[in-house]
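A closer look at the structure
Now for the letters of each chain:
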Amino acid sequence: MNMNGKNVTPLSSTETADLAALEVRSPREAISRTSPETARPSQENAEGMAAGLLAFVGEDPAREGLLRSPHRIVESLKFLTTGYEENVEALLNGAIFHEDYDDMVVVKDIEFYSLCEHHLLPFYGKVHVAYVPNGKIVGLSKIPRLVDMFARRLQVQERLTTQIAEALEEVLEPKGVAVVVEAVHLCMLMRGVQKQSASMVTSHVRGVFRTDRATRAEFMALIKNGGA
Ligand code: ZN
């Protein structure tokens with residue numbers, strides 16, 4: 001327990017035993033401890049790994065302020081990745097309507113919070129979505145939920161952008177769909193070279209947004225000046 005040469009109060013024997021049970025020596029071992037049918041660690045194992053990380057950074061996982069942290073870390077991670085439990089069909093079920101509306105539909109400034117899959121650090125910002133219907137529209141409240149579903153997974157911004165566009169294309173078969181994501185990445189802001197304006201913009205356009213410059217320009221203008 002004396003990891004960085006700090007003076008740490010010796011643990012009682014029961015505490016030591018608890019920590020030994022939590023200790024995971026390698027990712028391979030962590031996986032080998034999981035149940036064979038799911039290859040997924042139990043909550044208890046996950047909390048043990050979180051405690052191991054606390055010890056790894058030189059902390060004492062048994063000190064009062066950290067006692068519940070492994071549990072909190074795992075619960076927080078579960079919430080931030082609830083998108084894995086959802087799918088497009090179930091989410092949009094009952095919210096697709098037939099409608100002869102063929103002008104552009106824009107939903108802008110959808111706030112999102114995600115975790116980068118490389119560092120598990122947050123990236124967050126805004127998503128702007130547009131589509132030109134082709135006989136089908138979707139309930140407006142469903143688009144932010146679709147964004148959340150994909151954002152609450154381990155992500156890279158590029159894939160998040162594409163997945164939102166592809167999901168809408170699949171269920172609505174619109175004349176076109178466009179998605180723009182603007183985000184800041186804490187893994188860029190907090191680590192290494194700290195660039196103050198490390199915001200990133202990604203876009204994915206399909207159908208008329210790709211083929212028709214005027215449609216694309218109209219969308220870009222709408223998301224830029226608050227005109228939607
Ligand atoms: Zn990252």
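Here we summarise the structure given alongside this text. Keep in mind that what you see is a predicted model, and the values were worked out from it rather than measured. (Residues numbered from 1 in each chain as written. Predicted model: local features only at pLDDT ≥ 70, side-chain atom pairs only at ≥ 80, totals over all residues.)

On to the overall build of the protein. Looking only at helices and strands, the protein has 10 helices and seven strands in total. Counting only contacts in the protein whose residues sit at least 6 apart along the sequence, the fraction spanning at least 24 positions is 68%. (Helix = DSSP H or I, 4+ residues; strand = E, 2+ residues; numbered from the N terminus. Contact = placed C-beta atoms within 7 Å.)

Right, let's talk about unusual backbone geometry for a bit. The backbone phi angle of aspartate 109 is positive, close to 55°, even though this residue is not glycine. When you line up the elements, aspartate 109 lands in strand S2 (residues 105-116).

Right, let's get into the sheet that holds strand S5 (residues 154-155). The sheet built from five strands is open, its strands ordered S5-S2-S3-S6-S7 with mixed pairing. Of all strands in the sheet, those bounded by a partner on one side alone are S5 and strand S7 (199-207). Bridging between strand S6 (residues 176-185) and S7 involves nine bridges; their strand directions are antiparallel. Within S7, the residue paired with alanine 178 across the bridge is valine 205. Each of S2, strand S3 (122-132) and S5 touches helix H6 (residues 142-151); the most contacted strand, S2, lies at about 20° to it. (Pairing = 2+ DSSP bridges. Axes fitted to C-alpha atoms, helices over the stretch in contact; angles between N-to-C directions.)

Note that arginine 72 resides in helix H4 (residues 69-80). Accessibility expressed as a C-beta count within 10 Å gives 13 for arginine 72, which makes it partly exposed. Along the chain, arginine 72 and glutamate 47 lie 25 residues apart, while their C-alpha atoms are 8.7 Å from each other. (Buried ≥ 20, exposed ≤ 12 C-beta atoms within 10 Å, placed from the backbone.)

Moving on, we get to the nonpolar core. Ranked by internal contacts, the top residues of the largest apolar core, which has 34 residues, are Val127, Val129, Val147, Ile164 and Val179. Mapped by element, the contributors of at least two residues to this core are S2, S3, H6, helix H7 (157-172), S6, helix H9 (208-211) and helix H10 (213-224). Residues contacting valine 129, with those up to four places away along its chain left out, are Val107, Ile110, Ile143, Ile164 and Val179. (Core = buried A, V, L, I, M, F, W, Y, C linked by C-beta atoms within 7 Å.)

Turning our eyes to something else, we now look at the packing of helix H3 (residues 43-56) against H4. Where H3 meets H4, the axes come as close as 8 Å, and the angle between the chain directions of the two elements is 115°. Seen from above, H3 lies across H4 with right-handed handedness. Seen from H3, the contacting residues are Gln43, Ala46, Glu47, Ala50, Ala51 and Leu54; seen from H4, they are Ser69, Pro70, His71, Ile73 and Val74. Residues that form the contact of H3 with H4 fall into these classes: seven nonpolar, three polar and one charged. (Left-handed = near helix turned anticlockwise from the far one by under 90°. Nonpolar A, V, L, I, M, F, W, Y, C, P; charged D, E, K, R; others polar.)

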